[in-house]
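Each chain, written out:
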Amino acid sequence: MFVWEACRDTTLIILMVAAAASLALGIKTEGIKEGWYDGGSIAMAVLIVIIFTAVSDYRQSLQFQNLNEEKQNIQMEVVRGGRRIKVSIFDIVVGDVVPLKIGDQVPADGLVISGHSLSIDESSMTGESKIVHKDPTRSPFLMSGCKVADGYGAMLVTSVGINTEWGLLMASISEDNGEETPLQVRLNGVATFIGMVGLAVAAAVLIILVVRFFTGNTKDPDGTVQFIAGKTKVGDAVDGFIKIFTVAVTIVVVAVPEGLPLAVTLTLAYSMKKMMADKALVRRLSACETMGSATTICSDKTGTLTLNQMTVVEAYVCGKKTDSPDNKSLLPPRMISLLIEGIAQNTTGSVFLTEGGAMEISGSPTEKAILQWAVNLGMDFGASRSDSAIIHAFPFNSEKKRGGVALKLSNSEIRVHWKGAAEIVLASCTHYIDADDNVVEMDEDKLSLFREAIEDMAKESLRCVAIAYRTCGMDEVPTTEEELENWQLPEGDLILLAIVGIKDPCRPGVRDAVQLCVNAGVKVRMVTGDNLQTARAIALECGILGSNADATEPNLIEGKTFRNMTESQRLEVADRISVMGRSSPNDKLLLVQALRRKEHVVAVTGDGTNDAPALHEADIGLAMGIQGTEVAKESSDIIILDDNFASVVKVVRWGRSVYANIQKFIQFQLTVNVAALVINVAAAVSSGNVPLNAVQLLWVNLIMDTLGALALATEPPTDHLMGRPPVGRREPLITNIMWRNLLIQALYQVTVLLVLNFRGKSILNLKNDTSDHAFKVKNTLIFNAFVFCQIFNEFNARKPDEINVWKGVTKNILFMGIVGIEVVLQVMIIFFLGKFTSTVRLSWKLWLVSLTIGFISWPLAMVGKLVPVPERNFSEYFRKRSSKKKHFNDKEDVASLEGHAG
């Protein structure tokens, strides 16, 4: 398929037709022994180009295919033998029990066997946007591919893979992975424009050469006129025309930079593969290049900046702080019983006792920390769960920042347990349990004491969670199942059981990663659901805030405050915000929108279902691979597999590398384009002959496109990239530095090689040779020197703005290997393939001349880099001039109108 795609290239088709015609005429006029060289060499060169292109495209296709498979490899928790284990979505089998929570994707078809407030978004299967409520009795059927919109539960898998509804649907759809990134689209436009210029030049050259040929002005190297009207045979005339036509076509081949889109594909594929090793899975190709332009990163706190390994280190129970939260002898028995009851039932986690007696606790890190605390207080998870029955649940909600359950006890008493953000739950509490196990009314002094306790814990960067309960009379509980399903759990008059402080240490290396971002001109902002004091403490620890940062500074804000501002106020403060505490997902979305309106390129991290709008709105959405829900991952561009902020910074580094590598390749390729075009056009117009023939130009094209792209597009990122400011949204692709380097090298190559073309015989002292041999030696030297100019210039292209172009070159094995292959192939062409390329063997002195001409490009590049360039890009001058012209025209129009009005 890829060979067929490569064969369909218009330019190559024209060359194949020219090769066939040349082959037929050559064999007819010179016989099969000598006549096949011209046509055969063009055909062979075209064949090599096709093979290289096809193999390269095929390899990239395989790489993308592997990455897509990895992208779909979702890790899910399943219950097997009563134990929760993580397996790949591909390894789920019929009979597995799969726990489901908000944001999960239903992995297979199955039946709900338990659930509370379980709501499924079936729009991906049915097209209906209505959320469907599921329960084991009335509506138990679940279809794979659907998303859990609310609640939690468990399903029994009944069919997997192709046997599911989703599988049957996908089997009838062929997936298209031919996504083009904005940079590829932009480069296609550049390639098309340059191609049109090349086509125009080639057409002009064709006309000039044809006119010269048929008017008798084109001569052989020995001075013989190639065409004399009425005397030259028709076959010879046609052969001459084909050779001229082939030259024109090869000018188009060199002029059209078809390697530009290929270079983007190569560098994206290479970067995606390497980013996988750096724990980042790219879901959308465009994110690679966009990430290099990021000016700000809005990061979550928990699990991204912190380790997400939580433990309860402090607790306020019975109205006072306990020095040892795990010491159950300090707590009254009724208090322990209520705590265990609430923790065991109001959770999405679980505790499993292995055969060896080891304890396995699963769930979110916060759930695991609280479950571990309850186990330390003597909780038997299974027994506690069987002592009461959940009649209704309000799953944890990131808007309300709390979750609750209503329990029916064995004595038919109804208890509602709440757990959530400490200050929010505390605000609903009117009583607490004291050291004597009595329910005591909470007065203002006690309320102040608890508030201060929360603040003190927050200052120590502890996450504060409050646990409370209340009893309900039977008259408050709905009697029918329908009413029970829509019952709003009572939130007021709660009795406080405990406030716990959970320690989540900062990730090692995060401070360095944040500093790296600061040096790179990328501002890091923390957006978290924790209170502002906790967020501030972590931000100080991670280096997001300076050591002198104070809670009253404008760079600290609460989500509620930001939310209640007008749009213009939000735009005004958005730039200053470093930390947003107590933020809801909607606050994060508002911040992203404000920053984007301020012309920032925004990257956002998120893990929850409600983060999906912000992830989608941002320029780059980064979902967490471990804690992230499937909804968040579906809305993201890149998945951070280890949930680590340091990996986010590596993505920025790779993004910048993609952009830099494309610029390196553009500089290299356009230098070849300009030089080859000018040399051939100047020679063709002046003498009727071209120093670089079709086969030679096809070889140069191969160096320039496939091999050049492989060498330069796979340059690894350097620390130098993170010392630059971010590339702006409207930054031109070809910078002033690139223009300077390109023009210096192209001018040098054109000057030297045209001097050789017109004065080569005398300079090289070839007057004693036969005309034909001297002509071939001169043209072989031009071809050889031109190729070595490109090989040496490949090193210059590695570092467009650095003097030392060899820095780190030995570490890039692929680059060194490709340069080595180019040199070996060039030597083979000159020594062994002269019949095909119309070249002759060169003496060691001429090899030295070729190498010297190529080598001079190194010192020339060094000196050239000392030439200052204006800060404003050339394209801006053109834009300014065109806008001025338009402005003057508008003025004239106004004056004209005023004249008519007068």
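Bear in mind the structure is a predicted one, so any value in this text is a computation, not a measurement.

Asker: Outline the overall build of the protein chain, listing residues and values.
Answerer: Of the regular secondary structure elements, the protein chain holds 31 helices and 26 strands. When each of the 902 residues of the protein chain is scored for burial, the buried share is 53%. If you take every contact in the protein chain between residues at least 6 apart in sequence, the share linking residues at least 24 apart comes to 72%. Accessible surface, the protein chain: about 40100 Å² in total, of which carbon and sulfur atoms supply 58%.

Asker: Help me get a handle on the sheet that holds strand β24 (residues 602–606), residues and values and all.
Answerer: Ordered in space as β8-β26-β25-β24-β9-β21-β23-β22, the 8 strands form an open sheet in which the pairing is mixed. The two strands at the open ends of the sheet, each matched to only one other strand, are β8 (280–282) and β22 (556–558). Between one strand axis and the next, the sheet turns through 20° on average, direction left out of account. With respect to the sheet, helix α20 (residues 585–597) is in contact with β9 (296–299), β21 (523–527), β23 (579–581) and β24, its orientation differing from that of β24 by roughly 170°.

Asker: Which residues make up unusual backbone geometry, and what values do they have?
Answerer: The residue serine 117 is not glycine, and still its phi comes out positive at about 55°. Although it is not a glycine, serine 412 adopts a positive phi angle of roughly 70°. Tracing the sequence through the fold places serine 412 in the loop between β15 (402–409) and β16 (414–421). Judged by its relative accessible area of 39%, serine 412 falls in the partly exposed class.

Asker: Give me the pairing of strand β19 (residues 462–472): which residues, what numbers.
Answerer: Within a regular strand, the side chains alternate between the two sheet faces. Most of β19 sits inside the fold, with 10 of its 11 residues counted as buried. As paired strands, β16 and β19 are joined by 8 bridges and run antiparallel to one another. Across the sheet, arginine 415 pairs through a bridge with threonine 471, a residue of β19. Bridge count between β19 and strand β20 (residues 494–503): 8 bridges; the pairing is antiparallel. When the bridges of β20 are listed, leucine 462 appears paired with lysine 503.

Asker: Describe the side chain of threonine 164, naming the residues involved and giving the relevant values.
Answerer: By secondary structure assignment, the location of threonine 164 is in the loop between β7 (147–159) and α5 (165–171). Using a relative accessible area of 2% as the deciding quantity, one classes threonine 164 as buried. Here serine 144 takes part through its side chain, which lies 3.4 Å from a polar atom of the side chain of threonine 164.

Asker: Quick rundown of the packing of helix α26 (residues 771–798) against helix α27 (residues 813–832)? Include the residues and the values.
Answerer: Packing of α26 against α27 brings their axes to within 11 Å, and their N-to-C directions diverge by 175°. Taken together, the axis directions place α26 and α27 in an arrangement best described as roughly antiparallel. Taking contact as the criterion, the partners of Thr780, Phe783, Asn784, Val787, Phe788, Ile791, Glu794, Phe795 and Arg798 in α26 are, on α27, Phe815, Val819, Glu822, Val823, Gln826, Ile829 and Ile830. Residues that form the contact of α26 with α27 fall into these classes: 10 nonpolar, 3 polar and 3 charged.

Asker: Describe helix α14 (residues 444–459), listing the residues and the values that go with them.
Answerer: An α-helix turns once every 3.6 residues. As a result, residues three or four positions apart point the same way. Taking 1.5 Å as the rise per residue, α14 with 16 residues should run 22 Å; its terminal C-alpha atoms sit 22 Å apart, in good agreement. Within α14, the full set of buried residues consists of Lys446, Leu447, Phe450, Ala453, Ile454, Met457 and Ala458. Angular distribution of buried residues about the axis of α14 spans 135°; they occupy a single face of the element. What points out from α14, more than 90 degrees from its buried face, is the exposed set Glu444 and Asp445. As for α14, its buried residues are in contact with β10 (311–317), α13 (422–427), β17 (429–433), β19, β20 and α17 (532–542).

Asker: Help me get a handle on helix α10 (residues 333–345), residues and values and all.
Answerer: Compared with an ideal rise of 1.5 Å per residue, which puts 13 residues at 18 Å, α10 spans 18 Å between its outermost C-alpha atoms and is within 8% of the ideal. Taking burial as the measure, the 13 residues of α10 include 10 buried ones, the bulk of the element. Taken as a whole, α10 has its buried residues at Met335, Ile336, Leu338, Leu339, Ile340, Glu341, Gly342, Ile343, Ala344 and Gln345.

Asker: So what's going on with a negative patch on the surface? Which residues, and what values?
Answerer: On the surface, Glu441, Asp443, Glu444 and Asp445 cluster together to form a negatively charged patch. For aspartate 443, the location among the structural elements is in the loop between β18 (439–441) and α14. On the basis of relative accessible area, aspartate 443 is assigned to the partly exposed category, the value being 44%.

Asker: With reference to specific residues and values, describe the packing of aromatic side chains.
Answerer: Aromatic ring pairs: the centre-centre distance and the angle between the two ring planes describe each pair. One pass over the full model with this rule turns up 14 aromatic pairs. Note on phenylalanine 831 and phenylalanine 832: the rings are 6.2 Å apart at their centroids and 45° apart in plane angle, and the pair reads as tilted. Its relative accessible area of 31% is what places phenylalanine 831 among the partly exposed residues. The ring of tryptophan 418 carries arginine 402 above its face, with NZ or CZ at 5.2 Å from the centroid. Positioned above the aromatic ring of phenylalanine 815, the side-chain terminus of arginine 798 is 5.6 Å from the ring centre.

Asker: Please give an account of the packing of helix α23 (residues 645–687) against α26 that cites residues and values.
Answerer: Where α23 meets α26, the closest approach of the two axes is 9 Å, and the angle between their N-to-C directions is 155°. One way to sum up the angle between α23 and α26 is to call them roughly antiparallel. Seen from above, α23 lies across α26 with right-handed handedness. Facing α23, whose interface residues are Lys664, Gln667, Phe668, Thr671, Val672, Ala675, Ala676 and Ile679, α26 presents Phe786, Gln790, Asn793, Glu794, Asn796, Ala797 and Arg798. Of the residues contributing to the contact of α23 with α26, the split by class is 7 nonpolar, 5 polar and 3 charged.

Asker: Before we move on, can you summarise the pairing of strand β12 (residues 350–353) with the specific residues and values?
Answerer: Note that β12 and strand β13 (residues 359–362) share 4 bridges and pair antiparallel. By the bridge assignment, valine 351 is partnered in β13 with isoleucine 361. Between the end of β12 and the start of β13, which pair antiparallel, lie 5 residues, with glycine 357 showing a positive phi angle near 90°.

Asker: I'd like a rundown of the nonpolar core, residues and numbers included.
Answerer: Counting residues in each nonpolar core, the largest one holds 125 residues, and the members touching the most others are Ile620, Ile638, Phe645, Ile666 and Phe786. By residue number, the principal contributor to this core is α23, which donates 17 residues. Once residues lying within four places of it in the same chain are set aside, the contact partners of isoleucine 666 are Leu187, Leu260, Leu733, Ile734 and Met738. One finds Ile361, Ile433, Ala498 and Ile502 within the second-largest nonpolar core, a separate group that totals 33 residues.

Asker: So what about the pattern of salt bridges? Which residues, and what values?
Answerer: Pairs can form between side chains of opposite charge whenever their charged atoms are close. Scanning the entire structure with this criterion turns up 29 salt bridges. A salt bridge links aspartate 575 to arginine 525; its shortest N-O distance comes to 4.0 Å. One end of the pair, aspartate 575, is in the loop between α19 (567–574) and β23; the other, arginine 525, is in strand β21, with 50 residues separating them in the sequence. One salt bridge connects arginine 724 with aspartate 801, and the closest N-O pair in it is separated by 3.4 Å. Residue arginine 724 is located in the loop between α24 (694–713) and α25 (736–763), and its partner aspartate 801 is located in the loop between α26 and α27; the two are separated by 77 residues in the primary sequence. Classification of aspartate 801 as partly exposed rests on a relative accessible area of 34%. Several salt bridges share partner residues, and in doing so they unite Asp135, Arg138 and Glu485 into one network.

Asker: Break down the environment of proline 613 for me, with residues and values.
Answerer: Among the structural elements, proline 613 can be located in helix α21 (residues 612–617). Counting along the chain gives 19 residues from proline 613 to alanine 632, while the straight-line C-alpha distance between them is 8.8 Å.

Asker: Give me the lowdown on the confidence of the model for the protein chain, citing residues and values where you can.
Answerer: Mean pLDDT over the protein chain stands at 83; residues scoring 70 or higher make up 90%. The least confident element of the protein chain is helix α31 (residues 874–901), whose mean pLDDT is 46; the most confident is helix α29 (residues 844–855), at 95. The model gives residues 882–902 a pLDDT under 50, and that stretch makes 0 contacts with residues more than four places away or in other chains.

Asker: Explain the side chain of threonine 304 to me, and be specific about the residues and the numbers.
Answerer: On the secondary structure map, threonine 304 appears in the loop between β9 and β10. Accessibility expressed as a relative area gives 0% for threonine 304, which makes it buried. With residues near it in sequence (within four places) discarded, threonine 304 still touches Ser299, Arg507, Val510, Thr605, Met624, Asp643, Asn644 and Phe645.

What counts as what
- Residues numbered from 1 in each chain as written.
- Predicted model: local features only at pLDDT ≥ 70, side-chain atom pairs only at ≥ 80, totals over all residues.
- Heavy atoms only, no water.
- Helix = DSSP H or I, 4+ residues; strand = E, 2+ residues; numbered from the N terminus.
- Buried < 20%, exposed > 50% of the residue type's maximum accessible area, 1.4 Å probe, protein only.
- Contact = heavy atoms within 4.5 Å.
- Areas by Shrake-Rupley, 256 points an atom, 1.4 Å probe, with all protein chains shown as cover.
- Pairing = 2+ DSSP bridges.
- Axes fitted to C-alpha atoms, helices over the stretch in contact; angles between N-to-C directions.
- Polar contact = N/O pair within 3.5 Å; in protein donor to acceptor, adjacent residues only side chain to side chain.
- Parallel < 35°, antiparallel > 145°, perpendicular 65-115°, else oblique.
- Nonpolar A, V, L, I, M, F, W, Y, C, P; charged D, E, K, R; others polar.
- Expected span 1.5 Å × (residues − 1).
- Arc of directions from axis to C-beta.
- Patch = residues over 30% accessible without salt bridge, like charges linked within 9 Å, V, L, I, M, F, W, Y side chains within 5 Å.
- Salt bridge = Lys/Arg side-chain N within 4 Å of Asp/Glu carboxyl O.
- Lys, Arg positive; Asp, Glu negative; His and termini not counted.
- Charge placed at Lys NZ, Arg CZ, Asp CG, Glu CD.
- Phe/Tyr/Trp six-rings, centres within 6.5 Å; stacked < 30°, edge-to-face > 60°.
- Lys NZ or Arg CZ within 6 Å of the ring centre and 35° of its normal.
- Left-handed = near helix turned anticlockwise from the far one by under 90°.
- Core = buried A, V, L, I, M, F, W, Y, C linked by side-chain atoms within 4.5 Å.
- pLDDT = per-residue confidence, 0-100.

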